Amino acid sequence: MEKDYIKQLIRESATKVCQALNDLQAIERQFNDDLVDDNGKNVEAEYYALHNAIIALKSAYEEIKDI
């Protein structure tokens, strides 16, 4: 019984990671190609912070999705 419960928790965690990943990717798509905001301010650092978070979440998802 405990093993099934742990597997269920892992599946739920994988789902939450996937949802967060989808949300972050939607935000990433909102950045323009020049990486500047509406006021002309450079947002390259913010973009790459977001991009790195997406990469980390993808890695986490790949590690737990098939458990």
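Along each chain, residue indices are assigned from 1 in the same order as the chain's sequence is written. For a predicted model such as this one, the threshold for reporting local features is a pLDDT of at least 70, and the threshold for listing and counting side-chain atom pairs is 80 or more; totals across whole chains, interfaces and linings nevertheless cover every residue. Values reported for side chains reflect all heavy atoms of the structure, with hydrogen atoms and water molecules removed beforehand.

(A) Molecular detail of the overall build of the protein chain. Helix numbering and strand numbering both begin at the N terminus, where a helix is a DSSP run of H or I of at least 4 residues and a strand a DSSP run of E of at least 2. When helices and strands are counted, the protein chain shows two helices and zero strands. Overall, the protein chain is about 55 × 15 × 10 Å in size when its C-alpha atoms are taken along their principal axes. Exposure categories follow from relative accessible area, calculated using a 1.4 Å probe and restricted to protein chains: below 20% of the type maximum is buried, above 50% is exposed, and the middle band is partly exposed. When each of the 67 residues of the protein chain is scored for burial, the buried share is 16%. Two residues form a contact once any of their heavy atoms are found within 4.5 Å. A separation threshold of at least 6 residues defines the contact pool for the protein chain, and within that pool the share at least 24 residues apart is 55%.

(B) Spotlight on the pattern of salt bridges. When a carboxyl oxygen of Asp or Glu is within 4 Å of a side-chain nitrogen of Lys or Arg, the pair counts as a salt bridge. Tallying each qualifying case throughout the model produces one salt bridge. One salt bridge connects Lys 65 with Glu 62, and the closest N-O pair in it is separated by 3.4 Å. For Glu 62, a relative accessible area of 47% puts it in the partly exposed group.

(C) Summary view of unusual backbone geometry. One non-glycine residue, Leu 35, lies in the positive phi region at around 55°. By relative accessible area, which is 13% here, Leu 35 ends up buried.

(D) Structural view of the nonpolar core. In terms of nonpolar packing, the biggest core is built from five residues, these being Val 17, Leu 21, Leu 50, Ile 54 and Leu 57. At the level of secondary structure, the elements contributing two or more residues to this core comprise helix H1 (2-29) and helix H2 (44-64). Top element by residues in this core is H2. It accounts for three residues. Ignoring sequence-local partners within four residues, the contact set of Leu 57 consists of Val 17, Ala 20, Leu 21 and Leu 24. Among the buried residues, those of types Ala, Val, Leu, Ile, Met, Phe, Trp, Tyr and Cys that are joined through side-chain atoms within 4.5 Å form a nonpolar core.

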